[in-house]
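Letter by letter, the chains look like this.
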Amino acid sequence: MLIFWQNYISLIILCPILIKAVSNQIRNLKPEHLCQEEGNFCIKPKEIFLLYDVNPVEGFNLRRDVYIRIANLVKKINNERIEFRFKLVLPPWHNLYHWKSKQVQQSMLDWKNFFDINSLKEYIPVIELSDIINETNGTLILDQIYFLENDFENFNNEPFNKFLFQDNCDQKIYFKEKEFIRGNFWGYGHKIRAKKCQKIKFRGTNFYLGDNLIKILRQQDSKFLMIDRAEAVIHQDYGQSEYWKCRKSMKFSHILVDKGLDLVKSLNTDEKKKIGGNYLAVHLRRGDFLKHRPSVSIEKICKQVKMVLEQVNLKKVFIATDGTESGN
């Protein structure tokens with residue numbers, strides 16, 4: 001009986017709050033958000049396509065994590081807002097800094113080459129950039145680019161969250177050509193242009209960014225938005241349930257899995273081993289890694305690898321590296 005009264009009291013307290021939250025959203029609805037089905041009024045959310053990019057020097061793993069930050073943002077908006085429906089546009093993989101095998105095609109690569117798109121769609125609505133360009137007849141016009149700039153000023157003397165509009169975007173990255181903003185856009189610069197580009201001093205989480213995007217969309221009529229330097233956005237719920245739901249949806253594509261299995265099979269000489277093989281795999285970071293860790297020499301690494309080989313009684317080593325023949 002006590003539990004019943006506790007739940008009843010909680011409902012009485014929460015009801016006005018929920019009604020106010022819903023009424024606030026309804027108040028912000030525009031005529032285009034309303035529809036009518038079989039004589040009843042309904043709400044038709046406006047579809048928003050959200051693009052994002054990160055600093056070109058960032059690698060595969062950070063880009064994967066930034067996807068989770070933005071995907072969590074999209075999921076939260078779609079769950080809580082009735083006037084907008086976000087779809088995340090997947091930025092192509094384009095000449096990453098750590099990809100050294102130049103004989104392999106490395107530009108304008110769709111996500112389907114690396115991840116299972118149907119699995120991604122089970123978490124949020126996503127679409128390849130190449131597909132959205134095809135849907136717009138080969139030319140995509142962005143309504144707005146927001147270029148995020150990390151802000152560490154007065155870090156200890158003001159609230160953490162900050163979202164301040166600054167001047168137009170960096171002319172070295174985006175440039176004005178006639179009435180449009182042009183740029184590389186993952187190699188699609190000849191097919192993509194933007195109406196506006198604005199720099200934002202930003203400090204905050206993905207959900208904080210989402211709240212500001214909603215405010216912007218309520219004030220202006222936009223359909224295609226882009227967030228550049230999205231690595232400036234941090235997780236609000238890192239390691240929580242939504243983080244892991246998104247992470248689990250990022251299954252590698254069957255193309256990648258099949259190539260990996262073929263490689264394992266070619267390296268394995270022990271027919272008894274069905275998973276893995278009789279070899280040691282080493283990820284050897286060189287290149288920019290050495291700038292901050294110059295003491296990690298090839299000699300030291302070889303000693304560690306030989307020690308492990310002796311411990312596990314193996315003789316073969318598979319090395320994945322971005323290094324050169326000189327060891328750098």
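You'll find the structure just up there.
As the structure is a prediction and not an experimental result, all values here were calculated from the model. All chains use their own residue numbering, which begins from 1 and follows the written sequence. The predicted nature of this model means local features are confined to residues of pLDDT at least 70 and side-chain atom pairs, given and counted, to a pLDDT of 80 or more, with totals for whole chains, interfaces and linings taken over all residues. Side-chain numbers here rest on the full set of heavy atoms in the structure, without hydrogens or water.

1. Some words on the pairing of strand β3 (residues 46-52)
- Accessible area is worked out with a 1.4 Å probe on protein chains only. A residue is then buried under 20% of its type maximum, exposed over 50%, and partly exposed in between. Numbering of helices and strands runs from the N terminus, with a helix taken as a DSSP run of H or I at least four residues long and a strand as a DSSP run of E at least two residues long. In terms of residue burial, β3 counts as a mostly covered element, since six of its seven residues are buried.
- Bridging between β3 and strand β4 (residues 84-90) involves five bridges; their strand directions are parallel. If you follow Phe49 over to β4, its bridge partner there is Lys87.
- In this fold, the crossover linking β3 to β4 by way of helix α2 (residues 60-80) has right-handed handedness.
- Where β3 meets strand β13 (residues 224-228), four bridges bridge the pair, whose relative direction is parallel. In the sheet register, Tyr52 faces β13, and the bridge partner there is Ile227. In this analysis, strands are considered paired if DSSP registers two or more bridges between them. With the strands aimed away from the viewer, a crossover counts as right-handed if its path from the first strand over the helix to the second runs clockwise.

2. Some points on the state of the cysteines
- The disulfide criterion used throughout: a pair of cysteine sulfur atoms within 2.5 Å. Following the criterion strictly, the structure yields one disulfide and no others.
- Between the sulfur of Cys169 and that of Cys197 lies a disulfide, 1.7 Å long from S to S. Judged by the torsion about the S-S bond (-85 degrees), the Cys169/Cys197 disulfide is left-handed. Highlighted residues: Cys169 in the loop between β8 (162-168) and β9 (175-177) and Cys197 in strand β12 (residues 197-203), separated in sequence by 28 residues.

3. As for the packing of aromatic side chains
- Whether two aromatic rings pair depends on their centres lying within 6.5 Å, for rings of Phe, Tyr and Trp, where Trp uses its six-membered ring; planes under 30 degrees apart make the pair stacked, over 60 edge-to-face, and the rest tilted. Counted by the stated rule, this structure contains 19 aromatic pairs.
- Geometrically, the ring pair formed by Phe60 and Trp93 is stacked, given 4.6 Å between the ring centres and 20 degrees between the ring planes. Residue Phe60 is found in helix α2, and its partner Trp93 is found in the loop between β4 and α3 (117-121); the two are separated by 33 residues along the sequence.
- With a relative accessible area of 2%, Trp93 lands in the buried category.
- Taken together, the ring pairs connect Phe60, Tyr67, Trp93, Trp99, Trp111, Phe114, Phe115 and Phe252 into an aromatic cluster.
- By the criterion adopted, a ring carries a charge over it if an Arg CZ or a Lys NZ lies within 6 Å of its centre and within 35 degrees of its normal. Its end group placed over the ring of Phe207, Lys76 keeps NZ or CZ at 5.2 Å from the ring centre.

4. Quick look at the environment of Leu148
- Looking at the secondary structure, you find Leu148 in strand β7 (residues 144-150).
- When the C-alpha positions of Leu148 and Asp228 are compared, they lie 6.1 Å apart, and in sequence the two are 80 residues distant.

5. A word on the pattern of salt bridges
- Salt bridges are counted wherever a side-chain nitrogen of Lys or Arg sits within 4 Å of a carboxyl oxygen of Asp or Glu. Under the definition given, this model contains 17 salt bridges.
- The residue Lys76 makes a salt bridge to Glu80 at a minimum N-O spacing of 3.0 Å. Of this pair, Lys76 and Glu80 both sit in helix α2, four residues apart, which is roughly one turn of the helix.
- With a relative accessible area of 42%, Glu80 lands in the partly exposed category.
- Through salt bridges that share partners, Asp151, Glu158, Lys162, Lys201 and Arg203 make up one connected network.

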